[in-house]
Amino acid sequence: MKRSMFSVAILGFVLAFLYIPILLVVVYGFVPNGISMSFFDSHGAFVGFSGKWYQQIFTGHYAVKSLLQSFWLSLTIAGLSTVISCALGTTAALALHRWRDRLQSIHHALVYTPLIMPDILIGISLLMLFVAANVACGFWTILIAHVTFCVSYVAMTVLARLQDFDDRITEAAYDLGAGPWYAFFHVELPILLPGIVAGGLLAFTLSIDDVVITSFVNGAGTNTFPTYVSSMTKHSKNLPSVFALSTLMLIFTCALVGLSKLLTARNQTKLKGKAE
């Protein structure tokens, strides 16, 4: 079937709209002047690229110390919230799949609600909860807030994976003498692993780049990377260091996605080998 020029043009426009801003972030991580944000001097001459912003990051320069602290805080919170959300979201999805009654309908509505609720409403609600409970905002309140909205994404992702799950496989394991725990870890979990990994990656991405909810529940000295960057984008002369660190995050994310694809493919190959 011959492709029309219009569809190719639309595809090109969409790809450019999505990826040119990311490319600009990578390019501006090598800008030599953080004040003018230009690769040209006052006379219009091209002055080249600079790697000093990456050097500052890798050497822990004092100019980017606060930025690095916010980055490691975001990475820690994202990692913990991903692990907790995967555990809670998987168990919630299993409960929604196995038991179908009026109580589970309420459970499904409670799990689904954070997906459609505006972030600002979730942030205000959590802030009011912490204030009412007399809990000081800080690391733990950010972690609780991130788990609150991440668990719904994991649960729905795993639940979608369970729609194609054949319960007769688990019943066959029980008939062969397997206990509940053995059947779960050796039969159900390997099949659900791609859905859990996909939900975990989604939770990690949502957690590490959240601004709205975090801005309501963070405290003094607990600025995450997105909230810190949003406060320095308009007036900081070290803005290229943000672009450089964002590029490193992009590389790390791509590597993480590639690793998850590799593990998923290896797991599926192993399952096919066992089936044969």
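Residues numbered from 1 in each chain as written. Predicted model: local features only at pLDDT ≥ 70, side-chain atom pairs only at ≥ 80, totals over all residues. Heavy atoms only, no water.

K.L.:
I'd like a rundown of the overall build of the protein, residues and numbers included.
P.N.:
For the protein, the count of helices and strands is 11 helices and zero strands. Reading the helices (α) and strands (β) of the protein from amino to carboxyl end gives α-α-α-α-α-α-α-α-α-α-α. By principal-axis analysis of the C-alpha atoms, the protein measures approximately 80 × 65 × 40 Å. Counting only residues that meet the buried cut, the protein has 37% of its 276 residues in that class. Approximately 16900 Å² of the protein is accessible, and the part contributed by carbon and sulfur atoms is 69%. Averaging the coordinates of the 16 positive side-chain charges in the protein and doing the same for the 12 negative ones gives two points 10 Å apart. (Helix = DSSP H or I, 4+ residues; strand = E, 2+ residues; numbered from the N terminus. Buried < 20%, exposed > 50% of the residue type's maximum accessible area, 1.4 Å probe, protein only. Areas by Shrake-Rupley, 256 points an atom, 1.4 Å probe, with all protein chains shown as cover. Lys, Arg positive; Asp, Glu negative; His and termini not counted. Charge placed at Lys NZ, Arg CZ, Asp CG, Glu CD.)

K.L.:
Provide a residue-level description of the packing of helix H6 (residues 139-162) against helix H8 (residues 180-208), including the pertinent values.
P.N.:
At their nearest, the axes of H6 and H8 sit 8 Å apart, and the two run at 155° to each other. Looking at the two axes, H6 sits roughly antiparallel to H8. Classified by chirality, the crossing of H8 by H6 is right-handed. Counted together, His146, Phe149, Cys150, Tyr153, Val154, Thr157, Val158, Arg161 and Leu162 of H6 and Ile191, Leu192, Pro194, Gly195, Ile196, Ala198, Gly199, Gly200, Leu202, Ala203, Leu206 and Ser207 of H8 form the full contact between these two elements. Its residues placed into classes, the contact of H6 with H8 shows 14 nonpolar, six polar and one charged. (Axes fitted to C-alpha atoms, helices over the stretch in contact; angles between N-to-C directions. Parallel < 35°, antiparallel > 145°, perpendicular 65-115°, else oblique. Left-handed = near helix turned anticlockwise from the far one by under 90°. Contact = heavy atoms within 4.5 Å. Nonpolar A, V, L, I, M, F, W, Y, C, P; charged D, E, K, R; others polar.)

K.L.:
Which residues make up unusual backbone geometry, and what values go with them?
P.N.:
The backbone of Asn134 sits at a positive phi, close to 60°, despite the residue not being glycine. Summarising the element assignment, Asn134 is placed in the loop between helix H5 (119-132) and H6. Since its relative accessible area comes to 72%, Asn134 is described here as exposed.

K.L.:
Report on the packing of aromatic side chains, specifying residues and quantitative values.
P.N.:
Tallied over the entire structure, the rule returns seven aromatic pairs. A ring pair is formed by Phe71 and Phe225, whose centres lie 5.9 Å apart and whose planes are at 80°; its orientation type is edge-to-face. Of the two residues, Phe71 sits in helix H3 (residues 65-98) while Phe225 sits in helix H10 (residues 225-232), which places them 154 residues apart along the sequence. Taken together, the aromatic side chains of Phe71, Trp72 and Phe225 make up a single cluster linked through ring pairs. (Phe/Tyr/Trp six-rings, centres within 6.5 Å; stacked < 30°, edge-to-face > 60°.)

K.L.:
Which residues make up a nonpolar patch on the surface, and what values do they have?
P.N.:
On the surface, Phe6, Ile10, Leu11, Phe13, Val14, Leu15, Phe17, Leu18, Tyr19, Ile22 and Leu250 cluster together into a nonpolar patch covering about 1100 Å² of accessible area. Broken down by element, the nonpolar patch gets its largest block of residues, 10 residues, from helix H1 (residues 5-27). Of note, Leu18 is situated in helix H1. (Patch = residues over 30% accessible without salt bridge, like charges linked within 9 Å, V, L, I, M, F, W, Y side chains within 5 Å. Salt bridge = Lys/Arg side-chain N within 4 Å of Asp/Glu carboxyl O.)

K.L.:
Any details on the side chain of Thr90? Residues and values, ideally.
P.N.:
Along the polypeptide, Thr90 turns up in helix H3. Of the polar contacts made by the side chain of Thr90, one reaches the backbone oxygen of Cys86; its length is 2.6 Å. Once residues within four sequence positions are removed from consideration, Thr90 is found in contact with Ser85, Val154, Val158 and Ile196. (Polar contact = N/O pair within 3.5 Å; in protein donor to acceptor, adjacent residues only side chain to side chain.)

K.L.:
If you had to explain the nonpolar core to someone new, which residues and values would you point to?
P.N.:
Leu126, Val158, Leu159, Leu162, Ile213 and Val217 are the most contacted members of the largest nonpolar core, which totals 30 residues. Examining the composition of this core, we find that 12 residues originate from one element, H6, more than from any other. Beyond its immediate stretch of four places on either side in the chain, Ile213 contacts Asp119, Ile122, Gly123, Leu126, Ala145 and Phe149. Counting residues in each nonpolar core, the second largest holds 21 residues, with Val31, Met232, Leu245 and Met249 among its members. (Core = buried A, V, L, I, M, F, W, Y, C linked by side-chain atoms within 4.5 Å.)

K.L.:
Just give me the short version of the layout of surface pockets, but keep the residues and values in it.
P.N.:
The volume enclosed by the largest pocket comes to roughly 550 Å³. Along the wall of the largest pocket there are 22 residues; nearest its centre are Ile208, Asp209, Ser246, Met249 and Leu250. Listing elements by their share of the lining of the largest pocket, those giving two or more residues are H1, H8, H10 and helix H11 (239-275). Counted by class, the lining of the largest pocket contains 17 nonpolar, four polar and one charged residues. Roughly 260 Å³ of volume is contained in the second largest pocket. What lines the second largest pocket is a set of 14 residues, among which Thr82, Val197, Gly200, Leu201 and Leu256 lie closest to the centre. Listing elements by their share of the lining of the second largest pocket, those giving two or more residues are H3, H8 and H11. Residues belonging to the lining of the second largest pocket are distributed by class as follows: 10 nonpolar, four polar and no charged. (1 Å grid on protein atoms, 1.4 Å probe; cavity = no way out; pocket = protein on both sides within 12 Å on 5 of 7 lines; lining within 4 Å. Points joined across faces, edges and corners; volume = space filled by probe spheres on them.)

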